[in-house]
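What follows is the residue order along each chain.
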Amino acid sequence: MDQTLLMLPGPTNVSNRVLQAISKNVVNHRSVIFGEILTETSELMSKMFKTNNQSYLLTGSGTAAMEASIANILNPNDKVLNVIGGKFGERLRDITKAFGGKSIEFNVEWGDCVKPEDVKKALEDNEDIKFVTVVHNETSTGVTTPIKEIGDVMRDYDALYVVDTVSSLGGDHVDVDRYGIDICFTGSQKCLAAPPGMAAITVSDDGWKVIDKVDSNTYYLNLKKYRDSGAGTPPETPYTPSVTLIYGLCEALKIIDEEGLDARIKKHKIAAKATREAVKALGLTLFPKEEVSSSTVTAINMPNGVSDSELRGTMRNEYKVELAGGQDHLKGNVFRIGHMGNTTYKELAITFSALEMTLKKLNFDINLGVGVAEVNRAFI
Ligand SMILES: *Cc1c(COP(=O)(O)O)cnc(C)c1O
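Everything quoted here is computed from the prediction, not taken from an experiment.

**Student:** Please give an account of the overall build of the chain that cites residues and values.
**Tutor:** Each helix and strand counted, the chain has 14 helices and 14 strands in total. Against the 2.2 N^0.38 benchmark of 21 Å for 380 residues, the chain shows a C-alpha radius of gyration of 21 Å, consistent with a compact globule. Within the chain, the fraction of its 380 residues that count as buried is 60%. Summarising the internal contacts of the chain: among those between residues at least 6 apart in sequence, 72% fall at separations of at least 24. Just so you have it, the chain exposes about 15400 Å², and 49% of that area is on carbon and sulfur atoms. Averaging the locations of the 42 positively and 50 negatively charged side chains of the chain gives two centres separated by 3 Å.

**Student:** Let's hear about the packing of aromatic side chains: which residues, and what values?
**Tutor:** Within the structure shown, the criterion is met by five aromatic pairs. Residues Tyr220 and Tyr239 carry aromatic rings whose centres are separated by 5.4 Å and whose planes lie at 20 degrees to one another, so their mutual orientation is stacked. Pair noted here: Tyr220 is in the loop between helix H8 (205-213) and helix H9 (223-230) and Tyr239 is in the loop between H9 and helix H10 (243-259), with a separation of 19 residues, a long-range link. Owing to a relative accessible area of 21%, Tyr239 belongs among the partly exposed residues under this scheme. Among the aromatic residues, those joined into a cluster by ring pairs are Tyr219, Tyr220, Tyr226 and Tyr239.

**Student:** Give me the domain arrangement of the chain: which residues, what numbers.
**Tutor:** Per the domain assignment, the segments of the chain are domain 1 (5-10 + 261-379) and domain 2 (16-258). Computed over C-alpha atoms, the centres of domain 1 and domain 2 are 28 Å apart. Of the residues lining the interface, 26 residues belong to domain 1; the matching set on domain 2 comes to 29 residues. Here domain 1 meets domain 2 over a buried area of about 2300 Å², counting both sides, of which 57% is carbon and sulfur. Taken as a group, Leu261, Val292 and Gln327 account for 25% of the area that domain 1 buries against domain 2, more than any other trio of residues on that side. Applying the counting criterion to the domain 1 and domain 2 interface returns four salt bridges. Here domain 1 and domain 2 share twelve residue pairs in polar contact (both at pLDDT 80 or more) between them. Contributing elements (two or more residues each) for the side of domain 1 that touches domain 2: helix H11 (261-281) and strand S11 (297-301).

The rules behind these values
Along each chain, residues carry numbers from 1 onward, in the same order as the chain's sequence is written. Thresholds applied to this predicted model are a pLDDT of at least 70 for local features of residues and 80 or more for the giving and counting of side-chain atom pairs; totals over whole chains, interfaces and linings are not thresholded and use all residues. Where side-chain values are given, they derive from all heavy atoms of the structure, hydrogens and water being excluded. Helix and strand definitions here come from DSSP, where helices need a minimum of 4 consecutive H or I residues and strands a minimum of 2 consecutive E residues; each element is numbered from the N-terminal end. Radius of gyration: over C-alpha atoms. The globule rule applied is 2.2 Å multiplied by the number of residues raised to the 0.38 power. Only protein chains enter the accessibility calculation, which uses a 1.4 Å probe. A residue is then buried if its area is under 20% of the maximum for its type, exposed if over 50%, and partly exposed in between. We call two residues in contact when some of their heavy atoms are within 4.5 Å. Accessible surface area values rest on a Shrake-Rupley calculation with a 1.4 Å probe, where residue burial reflects the displayed protein chains alone. Here the positive residues are Lys and Arg and the negative ones are Asp and Glu; neither His nor the chain ends is included. Charge positions are represented by NZ for Lys, CZ for Arg, CG for Asp and CD for Glu. For Phe, Tyr and Trp, where Trp contributes only its six-membered ring, two rings pair if their centres lie within 6.5 Å, and the inter-plane angle classes them as stacked under 30 degrees, edge-to-face over 60, or tilted in between. What counts as a domain boundary in this text is fixed by an automatic or database domain assignment. Note on definitions: buried area is the accessible-area loss of two parts on being combined, 1.4 Å probe, summed for both. We define a salt bridge as a side-chain nitrogen of Lys or Arg found within 4 Å of a carboxyl oxygen belonging to Asp or Glu. Counting of polar contacts relies on pairs of N or O atoms within 3.5 Å, with two restrictions inside protein: one atom must be capable of donating a hydrogen and the other of accepting it, and residues adjacent in sequence are counted only when both atoms are side-chain atoms.

Here it is, written out as structure tokens:
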């Protein structure tokens, strides 16, 4: 088996328990036994989202849920406020446009995050905004957005609040009902540490009221169908789901539940702090403003005189540690360390040990051991 350590913002390392779960044989997806697995998995998802509303499982990656979140509440020409500070904010805008929405962009500089007052101002300046899209954790820049405070602003407006928590659910605080989020979604392969291929979405009562009035342009991701099938006896999905991946997702959620969601989030915060301190100790610099930096992924400026292919190539080929590159205009200019899912001191100690050897090999002047020492300090 490939022993490469995945220090990516997804997919993340999958535990043996989850690997064993996905090796079980396939069952009829329209059976009582599968209905029970589906129910258990969706209930655990709702527990992770901290919502009393039902969660629905979609067979597809996080982007399927991004598309479902928009396609089900959008009529052509509806006005949408897309908050954009990176690649995933842009993707939500592109989906808005693909379904005929009028996108009003609120752009923040990549590396910074939107302020709640900015969202308020945009809602004041533009009438009839039907919904607002926000990315909780902008994976491309390593920035966290204050979704609770934006939720407080959103309460004074009719617009629905749509939040992408693909790279934060299970790794940072997401409290769907308390924050007043109408549509929230995530993917399986990031903080939840299940294999890629599943997504989950939850919808508030206000969200359903809008969905019921929209003749959605999506067939596979039509949420009314998921609601109807989910309410059947036994509960089902409208089309054949990835039975195997649902076994895996269910097991991954059970592991988080046993560990305790709050403990898991705390662990992510320590890993993020360890990563930032280790980066700084090595004389490297963070791409985002530190005060808005993510709990699940750290974006780091490429050190002077070192290329992306040399750095990540050496990490991968010599030390079997996979890091992520930059996206779009950040390609070649930043690299990213994902510290989500099952990551703890062990993975980070290996990662920084390898990064130190890599930098040394590439003639970037560092003191060996200082990065690893910061990891130790954060976890001791
Ligand atoms: C990864 C990611 C997505 C998209 O997920 P895929 O599984 O790659 O389709 C969406 N939003 C954010 C914030 C992500 O990190």
